[in-house]
Each structure stands twice: as C-alpha cells, then as structure tokens.
Amino acid sequence: MARTSDTADYMVTQCQACGMLNVIPREYSDGRVCADCSGGPLMPMGYAILQERPTSRITVQVDVERDQLDRLIDDVATVNDTVDGIIQKIGKIKEG
C-alpha cells in the first residue's frame, strides 16, 4: 500500500490463519507473524493512527502494612543473631 500521509505510522493487518487484526509499525511490516496465533500471512487492510502511544514502562506497586514490615525486619534480625551465635559456638569448638 502506498503511503497516504505522514501521520499514519501504523498499519492494520489481518491474519489469514485466524482472522485476528494486528496493528504493526508500517516501516517494519515485512516478516511479521500474528501476535495471537503466531501464524499468517498478515494481509494489509489500511493505515492506522494510534490515539495514545504504547509505553514500554511497567509500574509495579506493592502495598505492605507497616506492622508486617516491622515484624519481618525483626524476624530477619533474630535469624541473623541466631546465625552469629552458631558461628561463635562453632569457632569455640574448633579452638578447643
């Protein structure tokens, strides 16, 4: 398909194997396979303009109650103290 305007950076294609529509960057349209069935071929249907650009950033938010975090920190400190005590006892056994 001939480029009709500078605003359409994407192409709408349809997978001939499963019928799913795929929107792909028009400058990289050759050699693409369907994102749904991994088949093809992808037949051009027309040009597309994305209203919003896709983002490559993923944000993950974790909510932890402060008292749970404090208990976890205390537990880790207790384990650390226990391991330090065991190391000291093993050191005394090796010396004796």
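The structure this text deals with has already been given above.
Scoring rules and cut-offs
- Residues numbered from 1 in each chain as written.
- Predicted model: local features only at pLDDT ≥ 70, side-chain atom pairs only at ≥ 80, totals over all residues.
- Heavy atoms only, no water.
- Helix = DSSP H or I, 4+ residues; strand = E, 2+ residues; numbered from the N terminus.
- Polar contact = N/O pair within 3.5 Å; in protein donor to acceptor, adjacent residues only side chain to side chain.
- Contact = heavy atoms within 4.5 Å.

Chemist: Where do I start with the side chain of Asn 22 in this structure?
Modeler: You can see Asn 22 is positioned in strand β2 (residues 21-25). There is a polar contact of 3.0 Å between the side chain of Asn 22 and the backbone nitrogen of Ala 35. Once you skip the residues sitting within four places of it in the chain, Asn 22 turns out to touch Met 11, Val 12, Thr 13, Cys 15, Val 33, Cys 34, Ala 35 and Leu 42.

Chemist: Would you take a moment to explain unusual backbone geometry for this structure?
Modeler: The omega torsion of the bond from Gly 40 to Pro 41 falls at 5°, within 30 degrees of zero and hence cis. The topology assignment puts Pro 41 in the loop between β2 and β3 (42-48). Positive phi is not limited to glycine here, since Ser 38 has a value of about 60°. You can see Ser 38 is positioned in the loop between β2 and β3.

Distances and angles like these do not, on their own, reveal function.
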